Amino acid sequence: MVGFLIALLSGALMSVQGVFNTQVTKTSGIWVANAFVQFSAFLVCMCVWLFTDRSSFATLLKVEPKYMLLGGVLGAGITYTVIKGMELLGPARAVMLIVVAQLIVAYVIELFGWFGVEKQPLEVRKVVGMGVAIAGIVIFKWK
């Protein structure tokens, strides 16, 4: 149940952050806003680290495969695409497409067992569920 609530909170925070970031770009520019978002996230993480975890940064050198360390690079791309998506489509449409894309890509990762994730069998009910989500987008967008 805790995982379910955390995932819901994550989705809500991502939506609010996307709206905030899109508004910031109206004054600053997309890459200034993106840099500020990443830098402010870094500062928050460092403060929390100081008061909680305190594990060594040297442990990052032990991460294998090394491409797993590209999360921050992906984060910059995520921030950029969320801002542009919300700017061009509006928050609701952008978030719907973002969530469905996340669902599809996450399921493909599970199906093929990519990136160290345990491989899962293809399940028709999950494919139908994704189809329903896509149909929801079509209905939502319908004028």
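See above for the structure.
Cut-offs applied
Throughout this document, residue positions are counted from 1 along each chain, in the order its sequence is written. Owing to the predicted nature of the model, reporting of local features is limited to residues with pLDDT of at least 70; listing and counting of side-chain atom pairs is limited to 80 or more, with chain, interface and lining totals taken over all residues. Heavy atoms throughout the structure, all of them, feed into the side-chain values; hydrogens and water do not. By definition, any uninterrupted DSSP run of H or I lasting at least four residues is a helix, any uninterrupted run of E lasting at least two residues is a strand, and each is numbered from the N terminus. The rule is simple: take the accessible area with a 1.4 Å probe, protein chains only, and divide by the maximum for that residue type; under 20% is buried, over 50% is exposed, in between is partly exposed. Here, two residues are considered to be in contact whenever any of their heavy atoms come within 4.5 Å of each other. Surface exposure here means Shrake-Rupley accessible area, sampled with a 1.4 Å probe, where a residue is shielded only by the protein chains that are shown. In the sections that follow, a salt bridge refers to a side-chain nitrogen of Lys or Arg positioned within 4 Å of a carboxyl oxygen of Asp or Glu. Pairing of aromatic side chains requires ring centres within 6.5 Å, counting the rings of Phe and Tyr and the six-membered ring of Trp. Pairs whose planes differ by under 30 degrees are stacked, by over 60 edge-to-face, and all others tilted. Orientation is described by lines fitted to C-alpha atoms, with helices fitted over the stretch in contact, and by angles between N-to-C directions that extend from 0 to 180 degrees. In these notes the angle categories are as follows: under 35 degrees is roughly parallel, over 145 is roughly antiparallel, 65 to 115 is roughly perpendicular, and the rest is oblique. If you view the pair so one helix is near and one far, a crossing is left-handed when the near helix is turned anticlockwise from the far one by less than a right angle, and right-handed when it is turned clockwise. Residues are grouped as follows: Ala, Val, Leu, Ile, Met, Phe, Trp, Tyr, Cys and Pro are nonpolar; Asp, Glu, Lys and Arg are charged; every other residue, Gly included, is polar. Patch membership requires more than 30% relative accessible area and the absence of a salt bridge. Residues of like charge join within 9 Å; the nonpolar side chains Val, Leu, Ile, Met, Phe, Trp and Tyr join within 5 Å. Here the expected length of a helix is defined as 1.5 Å per residue gap, with one fewer gap than residues. This arc is built from the directions going out from the helix axis to the C-beta atoms.

A. Structural detail: the overall build of the protein chain. Counting its regular elements, the protein chain contains five helices and zero strands. Seen through its C-alpha atoms, the protein chain measures out along the principal axes to roughly 50 × 45 × 30 Å. The buried share of the protein chain, reckoned over its 143 residues, is 15%. Taking the intrachain contacts of the protein chain between residues at least 6 apart in sequence as the baseline, contacts between residues at least 24 apart amount to 53%. Roughly 10,600 Å² of accessible area belongs to the protein chain as shown, and the carbon and sulfur atoms make up 76% of that amount.

B. Broad picture of the pattern of salt bridges. Counted under the stated rule, the structure contains four salt bridges. Between Lys 66 and Glu 64 there is a salt bridge, with its nearest N and O atoms 3.4 Å apart. When its relative accessible area of 59% is taken as the criterion, Glu 64 is described as exposed. Glu 87 is paired through a salt bridge with Lys 84; the nearest N and O atoms lie 3.2 Å apart. Taken as a pair, Glu 87 and Lys 84 lie in helix 3 (residues 71-89) at a separation of three residues, close to a single helical turn. Salt bridges sharing partners connect three or more residues here, namely Glu 123, Arg 125 and Lys 126.

C. Spotlight on the packing of aromatic side chains. On inspection of all chains with the given rule, the structure shows six aromatic pairs. One aromatic cluster is present, formed by Tyr 67, Phe 112, Trp 114 and Phe 115 through successive ring pairs.

D. Expanded view of the packing of helix 3 against helix 4 (residues 91-112). Axis separation between helix 3 and helix 4 bottoms out at 7 Å; the angle between their running directions is 135°. Overall, the two elements helix 3 and helix 4 adopt an arrangement that is oblique. Our pair here, helix 3 against helix 4, has a crossing hand that is right-handed. Contacts from Val 82, Gly 85, Met 86 and Leu 89 of helix 3 reach helix 4 at Pro 91, Arg 93, Ala 94, Val 95, Leu 97 and Ile 98. Of the residues belonging to the contact of helix 3 with helix 4, the class tally is eight nonpolar, one polar and one charged.

E. Expanded view of a nonpolar patch on the surface. On the surface, Tyr 67, Met 68, Leu 70, Val 73, Phe 112, Trp 114, Phe 115 and Val 117 cluster together to form a nonpolar patch covering roughly 800 Å² of accessible area. Here Trp 114 shows up in the loop between helix 4 and helix 5 (124-141). Since its relative accessible area comes to 41%, Trp 114 is described here as partly exposed.

F. Highlighting helix 2 (residues 30-51). Here helix 2 is 22 residues long and its end C-alpha atoms lie 32 Å apart, about the 32 Å a rise of 1.5 Å per residue gives. Within helix 2 the residues assigned to the buried category are Ile 30, Ala 33, Asn 34 and Val 37. Buried residues along helix 2 cover an arc of 100° about the axis, so they all sit on one side. Seen from the open side of helix 2, the exposed residues pointing more than 90 degrees away from its buried face are Trp 31, Val 32 and Phe 36. The inward-facing, buried residues of helix 2 contact helix 1 (2-25) and helix 3.

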